[in-house]
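Chains, contacts and geometry: an overview
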Amino acid sequence: MAGLRERQKAGRRRDILAAAAKLFRRDGFAVTSIEAIAAEAEVAAGTVYNYFESKGDLLISLVALDGEEVRAAGKSIIAGPPKDPVQAVGKLLTSYIDHSLIHLSKELWRNAMANALSQPSSEFGLAYAALDRKLADQVGELVAALQARGQIDAKIDAKTAGDVLFEVVNSLFQVFVAREEMPIALLKKNLARQVRLVFAGLAATEA
């Protein structure tokens, strides 16, 4: 019975998150109320509060869900990355982009980023930063895997390299989210160009 109750709770939580994602996208984050989310999920408003403290909690939970799915996809890439290291890193970072708009619209990402930046020490801000940290660490794992194949200098700190490469996609993603009209194809093109530059380095070659 305990197992059944846990599955029911997990299912109800998923239903509430799905309802929130739908209404946030359709009506906007600011306009959507907890009561509307409850009605869409076919539960009482009090039930929503049993799972989520606020709309902000729902939003960070959607960001977390996106992060969980992204990291799961990333694990398979790290387990068998393309032979070319530039393509391997590009594939991992592009997978982050491909998942970005499944649960959240650009408007919702703007809300999430604004909350995280304006209240970095809040529960929301700390949770958002922790999610970014996990993704950067995953990029570092890929760098370490490529080092093990002899494709990246073993003297380079894999974690630092992961941080740098993640910041490339993170900063480009922020621009993409800020510009409603910007297509995702342009984001991917800019990402590919900058990843190639990171791998090429800035040092002049000897004549």
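The structure under discussion appears in the preceding block.
Residues numbered from 1 in each chain as written. Predicted model: local features only at pLDDT ≥ 70, side-chain atom pairs only at ≥ 80, totals over all residues. Heavy atoms only, no water.

1. Digging into the packing of aromatic side chains
Using the following cut-off: Within 6.5 Å between ring centres, the rings of Phe, Tyr and Trp (the latter by its six-membered ring) count as paired, and their orientation is classed by plane angle as stacked under 30 degrees, edge-to-face over 60, tilted in between. Runs of E in the DSSP output that reach at least two residues are strands. Runs of H or I that reach at least four are helices, and both are numbered from the N terminus. Each residue is placed in one exposure class: buried if its accessible area under a 1.4 Å probe, protein chains only, is under 20% of its type's maximum, exposed if it is over 50%, and partly exposed if it falls in between. For a ring to carry a charge above it, either NZ of a lysine or CZ of an arginine must fall within 6 Å of the ring centroid while also lying within 35 degrees of the normal to the ring plane.
Counting across every chain of the model gives four aromatic pairs. Residues Tyr96 and Phe166 carry aromatic rings whose centres are separated by 6.5 Å and whose planes lie at 70° to one another, so their mutual orientation is edge-to-face. Pair noted here: Tyr96 is in helix H5 (residues 85-99) and Phe166 is in helix H8 (residues 158-178), with a separation of 70 residues, a long-range link. The pair formed by Tyr96 and Phe166 is uniform in burial state, with each residue classed as buried. Measuring from ring centre to ring centre gives 5.2 Å for Trp109 and Phe173, while their planes differ by 90°; the resulting arrangement is edge-to-face. Here the residue Trp109 occupies a position in helix H6 (residues 106-118), and Phe173 occupies one in helix H8, the gap between them amounting to 64 residues. The burial state of Trp109 is the same as that of Phe173; both residues are buried. Counting every residue linked through ring pairs, the aromatic cluster contains Trp109, Phe173 and Phe176. In this structure, Lys55 is placed above the aromatic ring of Phe29, and the distance from its NZ or CZ to the ring centre is 4.7 Å. Lying over the aromatic face of Phe176, Lys106 brings its terminal NZ or CZ to 3.8 Å of the ring centre.

2. Considerations on H6
Condition: Multiply 1.5 Å by the residue count of a helix minus one, and that product is the helix's expected span. Note that the arc is computed from the directions linking the helix axis to the C-beta atoms.
In this model H6 runs 18 Å from its N-terminal to its C-terminal C-alpha over 13 residues, within 8% of the 18 Å that 1.5 Å per residue would give. Taken as a whole, H6 has its buried residues at Lys106, Leu108, Trp109, Ala112, Met113 and Ala116. The buried side chains of H6 occupy one side of the element, clustering within an arc of 160° when seen end-on.

3. Description of the pattern of salt bridges
The criterion, for reference: One side-chain nitrogen of Lys or Arg within 4 Å of one carboxyl oxygen of Asp or Glu is enough to make a salt bridge.
Per the stated rule, a full pass over the model turns up eight salt bridges. Between Asp27 and Arg26 there is a salt bridge whose closest N-O contact spans 3.0 Å. Between Asp98 and Lys188 there is a salt bridge, with the nearest N and O atoms lying 2.6 Å from each other. Of this pair, Asp98 sits in helix H5 while Lys188 sits in helix H9 (residues 184-200), and the two are 90 residues apart along the sequence. Classification of Lys188 by relative accessible area gives partly exposed; the value is 28%.

4. Remarks on the environment of Leu186
Considering the arrangement of structural elements, one finds Leu186 in helix H9. A relative accessible area of 36% places Leu186 in the partly exposed class. In this structure, the C-alpha to C-alpha distance between Leu186 and Phe176, residues 10 residues apart in sequence, is 8.7 Å.

5. Some words on empty space enclosed by the protein
Operational definition: The distinction between a cavity and a pocket rests on a 1 Å grid over the protein atoms alone: a 1.4 Å probe fits inside a cavity but cannot get out, while a pocket stays open yet meets protein on both sides within 12 Å along at least five of seven lines, and a residue with an atom within 4 Å of a point counts as lining. Grid points are joined across faces, edges and corners, and a volume is the space filled by probe spheres set on the points. In this classification, the charged set is Asp, Glu, Lys and Arg, the nonpolar set is Ala, Val, Leu, Ile, Met, Phe, Trp, Tyr, Cys and Pro, and all remaining amino acids, among them Gly, are polar.
In this structure the tally under the stated criterion is one cavity of 30 Å³ or more. Taken as a whole, the largest cavity holds about 250 Å³ of empty space. At the level of secondary structure, the elements contributing two or more residues to the lining of the largest cavity comprise helix H4 (55-79), H5, helix H7 (123-148) and H8. When its residues are assigned to classes, the lining of the largest cavity shows 11 nonpolar, three polar and two charged.

6. Some remarks on the environment of Ala116
Secondary-structure assignment places Ala116 in helix H6. The sequence separation of Ala116 and Gln138 amounts to 22 residues, and the corresponding C-alpha distance is 21 Å.

7. A closer look at the nonpolar core
In plain terms, the rule: Buried residues of nine kinds, namely Ala, Val, Leu, Ile, Met, Phe, Trp, Tyr and Cys, make up a nonpolar core once their side-chain atoms join them within 4.5 Å.
The biggest cluster of nonpolar side chains holds 60 residues, and the ones touching the most others in it are Leu58 and Tyr128. Secondary structure elements with two or more residues in this core: helix H1 (2-27), helix H2 (34-41), H4, H5, H6, H7, H8 and H9. Examining the composition of this core, we find that 10 residues originate from one element, H8, more than from any other.

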